[in-house]
Amino acid sequence: MNTSLQFGEASMGPLILLPAIIDAPGEYITRRGERVDLDSVSARHRFACAGRYRGSGIIEHWHKSGRLLVSRETANDIVGRADRSGASA
């Protein structure tokens, strides 16, 4: 085990090789097509990218890869930045 990883990061193994989708605060889009406003992001392997769904205001936390769960893809995973026309970038 890499001793430089903080507690909890060792369990993120399946996510480590995925590309970083979330790289800065802003507006993103989910696999389902919902818009998400992210207020804070993290380059660490944690679910520390925080924001809320635009339609409902529900707060959620994502991994920098955009995943909501370690073990599988979901409809609420972030898949890219949202552009101003409504399509994903």
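Description of the structure in this document. (Residues numbered from 1 in each chain as written. Predicted model: local features only at pLDDT ≥ 70, side-chain atom pairs only at ≥ 80, totals over all residues. Heavy atoms only, no water.)

Concerning the pattern of salt bridges
The full count for this structure, using the stated rule, is eight salt bridges. When the shortest N-O distance is used, the salt bridge between Glu-27 and Arg-35 registers 2.1 Å. Between Arg-54 and Asp-37 there is a salt bridge, with its nearest N and O atoms 2.9 Å apart. With Arg-54 in the loop between β3 (49-53) and β4 (59-62) and Asp-37 in strand β2 (residues 35-40), this pair connects stretches of sequence that are 17 residues apart. Given the relative accessible area of 46%, Arg-54 is considered partly exposed. (Salt bridge = Lys/Arg side-chain N within 4 Å of Asp/Glu carboxyl O. Helix = DSSP H or I, 4+ residues; strand = E, 2+ residues; numbered from the N terminus. Buried < 20%, exposed > 50% of the residue type's maximum accessible area, 1.4 Å probe, protein only.)

Some details on the nonpolar core
Judged by nonpolar contacts, Ile-22, Tyr-28, Val-36, Leu-38, Cys-49, Tyr-53, Trp-62, Leu-68 and Ile-78 together constitute the single largest core of nine residues. Ignoring any residue separated from it by four or fewer positions in sequence, one finds Val-36 in contact with Gly-26, Glu-27, Tyr-28, Thr-30, Arg-52, Tyr-53, Arg-54, Trp-62 and Ile-78. (Core = buried A, V, L, I, M, F, W, Y, C linked by side-chain atoms within 4.5 Å. Contact = heavy atoms within 4.5 Å.)

Concerning the pairing of β4
Pairing of β3 with β4, which is carried by four bridges, proceeds in the antiparallel orientation. Counterpart to Cys-49 in the pairing with β4 is Trp-62. Linking β3 back to β4 in an antiparallel pair, the connection comprises five residues, with Gly-57 at a positive phi of about 80°. (Pairing = 2+ DSSP bridges.)

Observations concerning the environment of Glu-73
On the secondary structure map, Glu-73 appears in the loop between β4 and β5 (78-81). The exposure class of Glu-73 is partly exposed, given its relative accessible area of 48%. Taking C-alpha positions, Glu-73 is 9.1 Å from Arg-31, a pair spaced 42 residues apart along the chain. Look past the residues within four positions of Glu-73 in its chain and what remains in contact with it is Arg-31 and Arg-67.

From the geometry alone we can't say anything about function, so treat these as descriptive.
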